[in-house]
Amino acid sequence: MYLFLCNLSVVDMCYTTVTVPKLLYILLTEDNIMSFEQCFIQAYFVFMASTSEDMVIFIMAYDRYVAICHPLYYHHKLNKKICILLTIIIWISASVNAILMVNCTIKMFFCSTTTIHQFFCDAKALYNISCGGRDMFYILVYANCLVFGLGPSACSLMSYVQIIRVILHIKSNTGRSKAFSTCSSHLIIIVIYYGSGISVYMTPPLEHYNALEHILTVFYTTVTPALNPLIYSLRNSELKCSLRKLLAWL
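Position numbers for residues count from 1 along each chain, tracking the sequence in the order it is written. This being a predicted model, a pLDDT of at least 70 is required before a residue's local features are given, and a value of 80 or more before pairs of side-chain atoms are given or counted; all residues contribute to the totals for chains, interfaces and linings. Water and hydrogen atoms play no part in the side-chain values, which are based on all heavy atoms of the structure.

Looking at an unreviewed UniProt entry, the protein carries the name G-protein coupled receptors family 1 profile domain-containing protein, with the source organism given as Staurois parvus. UniProt positions are given in the numbering used here, feature names are shortened, and annotations may be inferred rather than shown by experiment. In its Subcellular location (unreviewed entry) section, the UniProt record describing the protein reads: "Cell membrane".

(A) Here's a closer look at the overall build of the protein. We count a stretch as a helix when DSSP gives it H or I for four or more residues in a row; a strand needs E for two or more, and each element gets its number in order from the N terminus. The helix and strand tally for the protein stands at 9 helices and 0 strands. The order of α-helices and β-strands along the protein, N terminus first, is α-α-α-α-α-α-α-α-α. Relative accessibility decides the category of a residue: with a 1.4 Å probe and only protein chains considered, values under 20% of the type maximum give buried, values over 50% give exposed, and everything between is partly exposed. Burial statistics for the protein: of 250 residues in total, 41% are counted as buried. Contacts in the protein between residues far apart in sequence, at least 24 positions, make up 74% of those at least 6 positions apart. To measure how exposed things are, a 1.4 Å probe is used in the Shrake-Rupley method; for residues, cover is taken only from the protein chains shown. With the model as given, the accessible surface of the protein reaches about 14200 Å², and the carbon-plus-sulfur share is 69%. Contacts are assigned to residue pairs that have any heavy atoms within 4.5 Å of one another.

(B) Examining the state of the cysteines more closely. In this description, a disulfide is simply a cysteine sulfur pair whose atoms lie within 2.5 Å. Under the criterion given, the structure shown has 1 disulfide. Each sulfur in the disulfide pair Cys39 and Cys121 lies 2.0 Å from the other. Disulfide Cys39-Cys121: torsion about the S-S bond near -130°, hence left-handed. With Cys39 in helix 2 (residues 36–69) and Cys121 in the loop between helix 4 (80–106) and helix 5 (123–129), this residue pair connects regions lying 82 residues apart in the sequence. Each member of the pair Cys39 and Cys121 is classed as buried.

(C) Molecular detail of the confidence of the model for the protein. Think of pLDDT as the predictor's per-residue confidence, scored from 0 to 100. Put simply, the protein has an average pLDDT of 79, and 88% of its residues get 70 or more. Here helix 9 (residues 237–249) stands out as the least confident element of the protein, with mean pLDDT 69; helix 4 is the most confident, with 89.

(D) Molecular detail of the pattern of salt bridges. Between Lys or Arg on one side and Asp or Glu on the other, a salt bridge is scored when a side-chain nitrogen of the former is within 4 Å of a carboxyl oxygen of the latter. Taken as a whole and assessed by the stated rule, the structure comprises 1 salt bridge. Across the salt bridge formed by Asp63 and Arg64, the nearest N and O atoms sit 2.6 Å from each other. Taken individually, Asp63 and Arg64 each receive the classification buried, so the pair is uniform in this respect.

(E) Fine view of the packing of aromatic side chains. Put simply, two rings from Phe, Tyr or Trp (the six-membered ring, in Trp's case) pair if the centres are within 6.5 Å, and we call them stacked under 30 degrees between planes, edge-to-face over 60, tilted for the rest. What the rule picks out here adds up to 3 aromatic pairs. Their ring planes at 80° and their centres at 5.2 Å tell us that Tyr44 and Phe45 sit as a pair that is edge-to-face. Taking NZ or CZ as reference, Lys77 lies 5.9 Å from the ring centre of Tyr73, over its face. Placement of a positive charge over a ring is assigned whenever Lys NZ or Arg CZ falls within 6 Å of the ring centre and within 35 degrees of the normal to the ring plane.

(F) Expanded view of the side chain of Glu53. Along the polypeptide, Glu53 turns up in helix 2. When its relative accessible area of 0% is taken as the criterion, Glu53 is described as buried.

(G) Structural context of helix 4. Here the expected span of a helix is defined as 1.5 Å times the quantity of residues minus one. The terminal C-alpha atoms of helix 4, which comprises 27 residues, lie 39 Å apart, in line with the 39 Å expected from a rise of 1.5 Å per residue. The complete set of buried residues in helix 4 reads Cys83, Thr87, Ile90, Ala94, Asn97, Ala98, Met101, Val102, Cys104 and Thr105. Buried-residue contacts for helix 4 involve helix 1 (2–29), helix 2, helix 5 and helix 6 (135–168). For this analysis, a polar contact is any N or O atom pair within 3.5 Å, provided that within protein one partner can donate a hydrogen and the other can accept it, and provided that sequence-adjacent residues contribute only side-chain to side-chain pairs. By the N-cap criterion, in which a side-chain oxygen at the helix start approaches the backbone nitrogen of a residue two or three places on, helix 4 is capped by Asn79, the distance to Lys81 being 3.2 Å.

(H) Region of the structure containing the layout of surface pockets. Volume-wise, the largest pocket comes out at about 470 Å³. Buriedness for pockets is judged along seven lines, at least five of which must meet protein on both sides within 12 Å for an open set on the 1 Å grid over protein atoms alone, while cavities are sets there where a 1.4 Å probe fits but cannot get out, and lining residues have an atom within 4 Å of a point. What lines the largest pocket is a set of 21 residues, among which Asn32, Met34, Thr114, Thr115 and Ile116 lie closest to the centre. Elements with a minimum of two residues in the lining of the largest pocket: helix 1, helix 2 and helix 5. Take the lining of the largest pocket: its biggest share by element is 4 residues, from helix 1. Here the residues of the lining of the largest pocket sort into 14 nonpolar, 6 polar and 1 charged. Grid points are joined across faces, edges and corners, and a volume is the space filled by probe spheres set on the points. Polar here means any residue other than Ala, Val, Leu, Ile, Met, Phe, Trp, Tyr, Cys and Pro, which are nonpolar, and Asp, Glu, Lys and Arg, which are charged; Gly is therefore polar.

(I) Inspection of helix 6 at higher detail. With 34 residues, helix 6 extends 48 Å between its outermost C-alpha atoms, agreeing within 8% with the 50 Å of an ideal straight helix rising 1.5 Å per residue. At Leu146, helix 6 shows its maximal bend, which comes to roughly 30°. Take the seven residues that end at a residue and the seven that start at it, fit an axis to each, and the angle between those axes is the bend at that residue.

(J) Structural view of the UniProt feature "transmembrane region" (unreviewed entry) in the protein. When the UniProt feature table is mapped onto this chain, "transmembrane region" (unreviewed entry) is found at residues 40–62, 82–102, 136–158, 179–202 and 214–234. For the annotated span residues 82–102, helix accounts for 100% and strand for 0% of the residues, and the straight-line distance between the end C-alpha atoms is 30 Å. Structurally, residues 136–158 is divided into 100% helix and 0% strand, and its ends, taken at the C-alpha atoms, are 31 Å apart.

Set out below in structure tokens:
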């Protein structure tokens, strides 16, 4: 679990490092011009980070499923070698997918405008302003939504259905509370990240939806990475004690 949490932290840092500094620069200087090279480089790291986060969150759901539903097989199914192998697969898959996405983006034509209605080079924003060569990009985006979006989110939710069923069969209240506390933080992250991400990419472009789309994009690229450390830290008893002392002092 801690190995995957470490990977999640790296992905979150990548997300914010790629998107937030440029946004702050635009807000402070009002210079919103970005070269095609900068845009494609930013898009590559955004694609890689989003793919990695989808896979890490899914693997963490599987980790909790094995730990609670099959605890005796945990060290067999998720031993050190398997966890390292999964980590390598996550990053290689994310890198390859990002290369494919950027390659399709480069082949698109931008005729009437090159103004992106988003605060970073987002796949959907680039697609919306293109005027040709986007058939393959369209297929690849929706394949990504299916393979790295709907698929992992559905499997993660199915895992938690099984987890909740097992937890409800635990006789002692203490046992149920302890079992649920081990996966509650991750369940919150799944709902926030997949909910906002899928809402952005699976909703067709509508004029009145632009403002909400921007809010949801900010949510899953900046707010969720910022919330992840806080949500997972709330399980720490020492942090809870410190927060109580701080609130009492205030």
